[in-house]
Each structure stands twice: as structure tokens, then as C-alpha cells.
Amino acid sequence: MLDGLCELGELLVITRNESAVIAKRMPYPMLHHDSQDDLAVDDSGDFDVDFDAWSSAFARHERTENGNVFKVEFLDAAQHAFHAVVLTPDASVDAFTEWVRMHQARISWKRRKCTCRLPESELAFVEGTGDLKVKANALLPLLEVVVHEKLPIRAIVGNAGMVQGHRYTPKNVRQTGTRIYCSSDTTALHFETRDIDRVTAQSVELGNHPCWILRAHRPDGRPLFLIAPTTCASLPTWNKLVLAHAI
């Protein structure tokens with residue numbers, strides 16, 4: 001079913017959990033399936049899928065002031081939309097209509113309770129050596145420096161059914177109410193600050209250099225999202241920035 005999305009052209013591909021969202025304008029990736037474990041990954045390591053947590057999928061057509069919106073939402077057993085694709089102006093509506101026709105019967109998967117998972121394999125880093133506590137209100141000023149210094153980052157958002165992560169250099173960051181938005185021309189991360197109980201930084205190695213990965217956690221300890229640097233050249237500035245906000 002997902003393979004057919006690759007033929008639709010450029011989409012807005014979205015993954016969310018209860019507090020964080022990551023989205024990127026891109027063609028849907030070709031996934032490689034492990035039929036025995038109901039798992040799938042893409043070539044770039046940006047998508048990690050576990051179909052055990054998928055329950056149903058719905059195609060939706062919405063009329064807005066800016067025109068028609070065509071999208072597909074994927075739901076878990078609690079009927080929460082945790083993954084979605086939205087057609088962009090460069091996508092093919094005809095191909096989307098044909099895709100819907102082929103899959104218009106409701107699709108059901110095995111069901112289990114949905115909990116956020118962010119596997120370390122997604123980061124392509126070695127196991128960390130320890131955690132630092134970081135000020136919970138440090139995320140906005142930290143991301144403002146990331147934008148100002150043009151530091152490339154990798155942002156990852158996950159749930160039980162899908163982990164999605166992208167490398168990008170943010171151009172804008174802003175806070176609207178209690179939500180923070182950090183975006184480039186094609187990629188965006190946004191999250192609800194009220195749901196963050198604590199922020200930690202884990203020490204790992206990137207290209208044999210020390211590096212700190214930021215993790216935002218819910219009160220129950222589950223991670224909401226991760227942010228990490230992507231190049232060795234940016235490590236001195238990044239590490240200094242993280243340590244400046246450590247408690």
C-alpha cells in the first residue's frame with residue numbers, strides 16, 4: 001500500500017506523537033520490508049516503520065480558503081493519526097485518485113498499545129556514556145543560535161508505528177503561544193513545550209569526536225523528540241551551546 005505513494009510526486013510527509021511533529025516536502029520513500037517482523041526502513045535511514053502498531057488508513061479531501069487539500073492519515077488502535085501524507089501542488093491528483101480507488105476498503109493491521117519509540121539505530125551513533133540535565137526553557141534560545149550560526153541538525157520524532165528523522169539546516173525558529181517551530185524551506189520540527197518534563201543531553205561520539213544529543217522527555221520518561229548535530233565541523237559550536245545550558 002505504501003509503495004504506491006512513491007508514484008504520487010512531491011508530498012508533505014508527516015510523523016507525530018502526542019506533543020511533537022516532524023514534516024518534510026519530499027517524494028514518499030521506497031521502503032524495504034521485513035515480512036517476518038512487520039518492519040520496514042528506507043535507504044537513507046530517515047524512516048523506521050513497525051506495522052504492528054498500525055490500525056487503519058483514511059484518505060481525506062478538505063476544502064479550505066486556499067483550495068483543496070488531499071491527504072492520507074494513518075491511525076493507531078486508539079484512532080490517533082500518527083503519520084500522514086499531504087499532496088503538494090507538485091503532486092499528481094490523478095495518481096492520488098487512482099491510489100485511493102485501489103485501496104478504498106478500510107485497511108486493518110494488528111493492534112497494540114501505541115508508545116513512543118526512538119531506536120538508537122536511527123541516529124547512526126554509538127551508545128551514549130551519560131546524561132546531563134539541560135534547562136527545559138533552553139530549547140528556544142538554543143535553536144535561535146542554531147539558526148543564526150547555520151548549524152545543520154538532525155531532528156527525529158517517533159511513535160510506536162513510525163520513526164521519522166531528517167537532516168536540515170534551520171532557517172527560522174519562533175514560538176507561538178506554547179509551541180516552538182523550527183524550519184527550513186522543506187523541513188520542519190514543532191513541539192508543545194508544556195508537555196516537556198525535562199531535557200537531557202547524552203554524550204556519544206560522532207566521527208570519533210565527543211557529541212551531545214538533546215532529548216526532550218514526557219513526565220513518564222518517554223522521549224518526544226531528539227535533536228543532534230550532523231557534521232564534525234559544527235561540533236565545537238554545538239557542544240559549547242549545549243553545555244552552556246546544562247544544569
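Structure: above.
Quick caveat, the model's predicted, so the values are computed rather than measured. (Residues numbered from 1 in each chain as written. Predicted model: local features only at pLDDT ≥ 70, side-chain atom pairs only at ≥ 80, totals over all residues. Heavy atoms only, no water.)

### Points about the side chain of threonine 187
Topologically, threonine 187 is positioned in strand E14 (residues 187-192). Separated by 3.2 Å, the side chains of threonine 187 and threonine 186 make a polar contact. Threonine 187 has contacts with Ala23, Lys24, His166, Tyr168 and Cys182, leaving out every residue within four places of it along the chain. (Helix = DSSP H or I, 4+ residues; strand = E, 2+ residues; numbered from the N terminus. Polar contact = N/O pair within 3.5 Å; in protein donor to acceptor, adjacent residues only side chain to side chain. Contact = heavy atoms within 4.5 Å.)

### Comments concerning the sheet that holds strand E10 (residues 153-158)
A sheet is described by the order of its strands in space; here 9 strands give the open sequence E3-E4-E5-E11-E10-E17-E16-E15-E9, paired in antiparallel fashion. The open sheet has two free edges, formed respectively by strand E3 (31-34) and strand E9 (131-134), since each of these has just one partner strand. For this sheet, the mean inter-axis angle between neighbouring strands, taken without regard to orientation, is 20°. Pairing geometry for strand E16 (residues 209-217) and strand E17 (residues 223-229), over 4 bridges, is antiparallel. Pairing of leucine 214 across the sheet is with isoleucine 227, part of E17. Of the strands in this sheet, E9, E10, strand E15 (198-206), E16 and E17 are in contact with helix H3 (residues 235-244), which crosses E16 at around 45°. (Pairing = 2+ DSSP bridges. Axes fitted to C-alpha atoms, helices over the stretch in contact; angles between N-to-C directions.)

### Topic: the pattern of salt bridges
Tallying each qualifying case throughout the model produces 15 salt bridges. One salt bridge in this structure joins lysine 71 and glutamate 73, with 3.4 Å as the shortest N-O distance. In this pair, the class of lysine 71 matches that of glutamate 73, namely buried. A salt bridge links aspartate 220 to arginine 222; the shortest N-O distance between them is 2.8 Å. One network of salt bridges, in which partners are shared, links Glu18, Arg218, Asp220 and Arg222. (Salt bridge = Lys/Arg side-chain N within 4 Å of Asp/Glu carboxyl O. Buried < 20%, exposed > 50% of the residue type's maximum accessible area, 1.4 Å probe, protein only.)

### Here's the deal with the packing of aromatic side chains
Overall, the coordinates contain 6 aromatic pairs when judged by the stated rule. Arranged with centres 5.2 Å apart and planes meeting at 85°, the rings of tryptophan 54 and phenylalanine 82 form a pair that is edge-to-face. Of this pair, tryptophan 54 sits in the loop between strand E5 (47-50) and strand E6 (56-64) while phenylalanine 82 sits in strand E8 (residues 81-87); the two residues are 28 residues apart in sequence, bridging distant segments of the chain. Judged by relative accessible area, tryptophan 54 falls into the buried class, the value being 0%. (Phe/Tyr/Trp six-rings, centres within 6.5 Å; stacked < 30°, edge-to-face > 60°.)

### Topic: the packing of helix H2 (residues 139-149) against H3
H3 packs onto H2 with a crossing angle of 160° between their chain directions and a minimal axis gap of 10 Å. It follows from the interaxial angle that H2 and H3 lie roughly antiparallel. The chirality of how H2 crosses H3 is right-handed. Within the contact between the two elements, H2 uses Leu142, Val145, Val146 and Glu149 and H3 uses Thr237, Trp238, Leu241 and Val242. (Parallel < 35°, antiparallel > 145°, perpendicular 65-115°, else oblique. Left-handed = near helix turned anticlockwise from the far one by under 90°.)

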